[in-house]
Amino acid sequence: PLKGAIIRAFYPEPWMRTSCDIDILVHKNDLKKSVEAITEKLAYDCNAIGDHDIVLSSPVGVNVEIHYQLVTPDSKREEIPVFERIWNVAVKADPSHQSQYQMTDEYFYCYHISHLAKHLKRGGCGIRTVLDTWILNHKVEHNPEKRERLLQEAGLANVAKAIEKLSEVWFSGAEADELSVALEEYILKGGVYGSFDNRVAAQKSKKSNKFVYLLSRLFLPYSEMKFKYPKLQKWPILYPFYIVKRMFLLVKKDTKRRAAREVSQTISGNDGKQARISQLFKKLDL
């Protein structure tokens, strides 16, 4: 089990830590068997195949996300070797449950920060993840040195320190610093799942200019396209065809409206905001 399924046990009452889905990591070798067990025995439907998980939905609307890896295209390259060895360091959760494992504290915390950082890069992480950080530092027995070493190895030490500081400002009355104020503004204006404006500004900050950014959005790389169009995983030669197909989607009303908004935001968006976000990400080492 990942994320909320574990963290809620450390809240005063489990119901205080809500979540919209159930996240489970399975070994890649067991992925097909796991999905078949849930779809065939429990009548779940397969909703989507993503770059790190498969989303399954029950007849009454419960979502289960079967993760087959902890890294995503948003992950830093330093994170890859850290999380690739997750099954070598996982421990049996309970002798009576032969198939259930759990991460060590430092790996769970490092993954928590990694997941939080992913959402920051996509426009925002919501308040709950900051509260989770406070809970994991105040209500969970841990070895700070072990956490710090793993965060350093994964390239996540700076973002961890910034989020930890913000959690102390919000929930322990600590005095804010300049970085805390900037991070607070970004998170609060991003809403629960990150705002569209934040996301565009964050992505623009990584490109050399507006034109390059728009081209990168129009011609998505194969690494992203193969999950939007699963047939590409078997037939990568069809990549140019699906790029053209994606362009034709722009004539659809909803897609056209969304694309027009992104182009408008890119061309005439707040350059001051983009500069602030760029500076924030630099300080967070993202």
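Residues numbered from 1 in each chain as written. Predicted model: local features only at pLDDT ≥ 70, side-chain atom pairs only at ≥ 80, totals over all residues. Heavy atoms only, no water.

1. Quick look at the overall build of the chain
A count of helical and extended segments in the chain gives 16 helices and 6 strands. Considering the chain as a whole, with its 286 residues, one finds that 40% of them fall into the buried category. Partitioning the intrachain contacts of the chain with sequence separation of at least 6 by distance along the chain shows that 59% fall at a separation of at least 24. Summed over its atoms, the accessible surface of the chain is roughly 16,200 Å², and 56% of this surface lies on carbon and sulfur atoms. (Helix = DSSP H or I, 4+ residues; strand = E, 2+ residues; numbered from the N terminus. Buried < 20%, exposed > 50% of the residue type's maximum accessible area, 1.4 Å probe, protein only. Contact = heavy atoms within 4.5 Å. Areas by Shrake-Rupley, 256 points an atom, 1.4 Å probe, with all protein chains shown as cover.)

2. Comments concerning the packing of helix H5 (residues 105-121) against helix H8 (residues 157-172)
A pair of packed helices can be characterised by two numbers: the angle between their axes and the separation between those axes. Running from amino to carboxyl end, H5 crosses H8 at an angle of 85°, the nearest separation of the two axes being 10 Å. Viewed along their axes, H5 and H8 adopt a mutual orientation that is roughly perpendicular. Counted together, Tyr-109, Ile-113, Leu-116, Ala-117 and Leu-120 of H5 and Val-159, Ala-160, Ile-163 and Glu-164 of H8 form the full contact between these two elements. Taken together, the residues that form the contact of H5 with H8 break down as 8 nonpolar, no polar and 1 charged. (Axes fitted to C-alpha atoms, helices over the stretch in contact; angles between N-to-C directions. Parallel < 35°, antiparallel > 145°, perpendicular 65-115°, else oblique. Nonpolar A, V, L, I, M, F, W, Y, C, P; charged D, E, K, R; others polar.)

3. Side note on the pattern of salt bridges
Taken as a whole and judged by the stated rule, the model has 9 salt bridges. With a closest N to O distance of 2.9 Å, Glu-153 and Arg-85 form a salt bridge. Of the two residues, Glu-153 is situated in helix H7 (residues 144-153) and Arg-85 in the loop between helix H3 (79-84) and helix H4 (86-89); the sequence distance between them amounts to 68 residues. Classification of Glu-153 as partly exposed rests on a relative accessible area of 37%. Owing to a relative accessible area of 26%, Arg-85 belongs among the partly exposed residues under this scheme. (Salt bridge = Lys/Arg side-chain N within 4 Å of Asp/Glu carboxyl O.)

4. Some remarks on the side chain of Ser-75
For Ser-75, the position within the fold is in the loop between strand S4 (63-67) and H3. Since its relative accessible area comes to 17%, Ser-75 is described here as buried. A distance of 2.9 Å separates a polar atom in the side chain of Ser-75 from the backbone nitrogen of Thr-72. (Polar contact = N/O pair within 3.5 Å; in protein donor to acceptor, adjacent residues only side chain to side chain.)

5. Points about the pairing of strand S5 (residues 91-94)
By the bridge criterion, 3 bridges tie S5 to strand S6 (residues 97-102) in an arrangement that is antiparallel. Note on S6: the bridge partner recorded for Lys-92 is Tyr-101. Count of turn residues in the S5/S6 antiparallel hairpin: 2 residues. (Pairing = 2+ DSSP bridges.)

6. Description of the sheet that holds strand S3 (residues 53-57)
Hydrogen bonding along the main chain pairs the strands of a sheet, whether they run parallel or antiparallel. Spatial ordering of the open sheet is given by S1-S4-S3-S2, a layout of 4 strands whose pairing is mixed. Looking along the sheet, the strands with just one partner apiece sit at the ends: strand S1 (22-25) and strand S2 (45-49). Taking each pair of neighbouring strands and ignoring which way they run, the sheet shows an average axis angle of 25°. Summarising the sheet, S1 and S4 pair through 4 bridges and their orientation is parallel. In the strand pairing of S4, Ile-22 is matched with Val-64.

7. As for the packing of aromatic side chains
If you walk through the whole model with that rule in mind, you get 4 aromatic pairs. Taking 6.1 Å as the distance between ring centres and 90° as the angle between the ring planes, the aromatic pair formed by Trp-170 and Phe-171 counts as edge-to-face. Trp-170 gets classed as partly exposed once you look at its relative accessible area, which sits at 22%. On the basis of an interplanar angle of 75° and a centroid distance of 5.8 Å, the ring pair of Tyr-186 and Phe-281 is categorised as edge-to-face. Placement of the pair is Tyr-186 in helix H9 (residues 178-190) and Phe-281 in helix H16 (residues 271-284), with a sequence separation of 95 residues. What makes Tyr-186 buried here is its relative accessible area of 5%. (Phe/Tyr/Trp six-rings, centres within 6.5 Å; stacked < 30°, edge-to-face > 60°.)

8. Section: H7
Those residues of H7 not exposed but buried are Arg-147, Leu-150 and Leu-151. All buried residues of H7 fall inside an arc of 100° around its axis, so they share one side. Turning to H7, the residues buried within the fold contact H3, H5, helix H6 (126-138) and H8. Measuring from the side-chain oxygen of the N-cap residue of H7 to the backbone nitrogen of Glu-145 gives 3.0 Å; that N-cap residue is Asn-143. (Arc of directions from axis to C-beta.)

Worth remembering: the numbers are spatial, not functional.
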